[in-house]
Amino acid sequence: MYWTRLFFGLLILGFTLSCSPKKSPSQPTDKAQIIVDQAIEAHGGKRFANSNYQFTFRGKTYAWSTADGRYLYTRAFEDSTGQIQDHLSNDDFFRTLNGERLVTSHEQDSMYSNSVNSVLYFIRLPYGLNDPAVNKRYLGEESIDAKKYYKVEVTFEQEGGGKDYTDIFVYWFEQESHYLDYLAYSYETDGGGLRFRKAYNPRTLGGIRFQDYVNYKAALEPGRTAADLGHLYEAKALDSLSSIINENISIQ
């Protein structure tokens, strides 16, 4: 009888395990990671990884080309010295003037490359939120303009996090569409500050969603963080500062 009961016990256990849903080991379980993955997919997904685009931002022409983990970012503009072009890739940064490569200092390279990378980072959001130096934390839910959002905080590791790795970002993702509609950040350079951005003018080109933003400024007060700015926006307590407009977007 003992062996009979053991046999049927093992049989039932095996049947239960075989019928239980199996989770892929690669499937994310972290709430913030799931939200970001859904947002990236909604904004273009894998198309970001292999893409070639050009656009104009504040009078300068930017372009990016990405393929199989390699990237090339460029920025072109003209000043009193001639035609300047910046080149940022996996390998290095360099600047040319009228087609001739310039000799620049390490400090100049850092300043120019950070400037180029910052513009490309924002226009391709939320794609960059899965970069290795990014830390994500789920902050809960919040309603803005009668829509429900997930809030995700992003901080950066010092290694690979860029010059401004101490900046703290908060992103609001609409729960149904998974679109990134709002973002806020705090920064420490030049005395520090708080900014809040509202997305508008969404358009899709080549399967990738592009957005412009209205940039708002919040007064610095003790204890106030980027995560508080959604409530301040709802209360109309933020001052409009500027517009982030990406023009003439085209596939190259």
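Here we summarise the structure given alongside this text. (Residues numbered from 1 in each chain as written. Predicted model: local features only at pLDDT ≥ 70, side-chain atom pairs only at ≥ 80, totals over all residues. Heavy atoms only, no water.)

**Side note on the pattern of salt bridges**
- Per the stated rule, a full pass over the model turns up 8 salt bridges.
- We note a salt bridge from Asp91 to Arg70, for which the minimum N-O separation is 2.6 Å. Placement of Asp91 in the loop between strand S4 (82-89) and strand S5 (93-97) and of Arg70 in strand S3 (residues 70-79) is noted, with a sequence separation of 21 residues between them.
- Classification of Asp91 by relative accessible area gives exposed; the value is 58%.
- Across the pair Lys151 and Glu142 runs a salt bridge, and its minimum N-O distance is 2.9 Å.
- Connected through salt bridges with shared partners, the residues Arg75, Asp86 and Arg95 form a single ionic network. (Salt bridge = Lys/Arg side-chain N within 4 Å of Asp/Glu carboxyl O. Helix = DSSP H or I, 4+ residues; strand = E, 2+ residues; numbered from the N terminus. Buried < 20%, exposed > 50% of the residue type's maximum accessible area, 1.4 Å probe, protein only.)

**Points about the nonpolar core**
- One finds Phe55, Tyr171, Phe173 and Leu183 to be the most contacted residues of the largest nonpolar core, which totals 41 residues.
- When residues of this core are traced back to their parent elements, those giving at least two are helix H2 (31-43), strand S1 (51-57), strand S2 (60-67), helix H3 (106-123), strand S8 (147-156), strand S9 (168-174), strand S10 (180-187) and strand S12 (208-218).
- Here the element with the most residues in this core is H3; it accounts for 7 residues.
- In this view, Phe173 contacts Ile35, Val36, Ala39, Pro126, Leu129, Lys148, Tyr149, Tyr150, Val152, His178, Tyr179 and Leu180; residues no more than four positions away in its chain are not counted.
- Among the nonpolar cores identified, the runner-up in size contains 17 residues, and Val170, Ala218, Tyr233 and Leu238 belong to it. (Core = buried A, V, L, I, M, F, W, Y, C linked by side-chain atoms within 4.5 Å. Contact = heavy atoms within 4.5 Å.)

**Description of the environment of Asp228**
- In this fold, Asp228 is placed in the loop between S12 and helix H4 (229-234).
- When the C-alpha atoms of Asp228 and Val170 are compared, they prove to be 9.4 Å apart, with 58 residues separating the residues in sequence.

**Focus: H2**
- Taking 1.5 Å of rise per residue, the 13 residues of H2 would be expected to cover 18 Å, and the 19 Å separating its terminal C-alpha atoms lies within 8% of that figure.
- Within the sequence span of H2, burial applies to Ala32, Gln33, Ile35, Val36, Ala39, Ile40 and His43. Mapping the buried residues of H2 onto a view down its axis gives an arc of 160°, with all of them on the same face.
- Where H2 is buried, its residues meet strand S7 (134-144), S8, S9, S10 and S12.
- Near the N-terminus of H2, the side chain that reaches the backbone nitrogen of Ala32, with its oxygen 3.2 Å away, is that of Asp30.
- Just beyond H2, the residue with positive phi is Gly44, at close to 150°. (Expected span 1.5 Å × (residues − 1). Arc of directions from axis to C-beta. Polar contact = N/O pair within 3.5 Å; in protein donor to acceptor, adjacent residues only side chain to side chain.)

**Section: H3**
- Over its 18 residues, H3 runs 26 Å from end to end, which matches the ideal 26 Å to within 8%, given 1.5 Å per residue.
- What H3 keeps buried is the set Asp109, Tyr112, Ser113, Val116, Val119, Leu120, Tyr121, Phe122 and Ile123.

**A few points about the pairing of S1**
- Across the 7 residues of S1, 5 count as buried, placing the element largely inside the fold.
- Across 7 bridges, the pairing between S1 and S2 is antiparallel. Counted as the bridge partner of Phe57 is Lys60 from S2.
- Taken together, S1 and the strand that follows it, S2, pair antiparallel across an intervening segment of 2 residues, in which Arg58 is found at a positive phi of about 50°.
- The pairing of S1 with strand S14 (residues 247-251) spans 3 bridges and is antiparallel. Looking across to S14, one finds that Thr56 is bridged to Glu247. (Pairing = 2+ DSSP bridges.)

Keep in mind that these numbers describe shape and distance, not what the molecule does.
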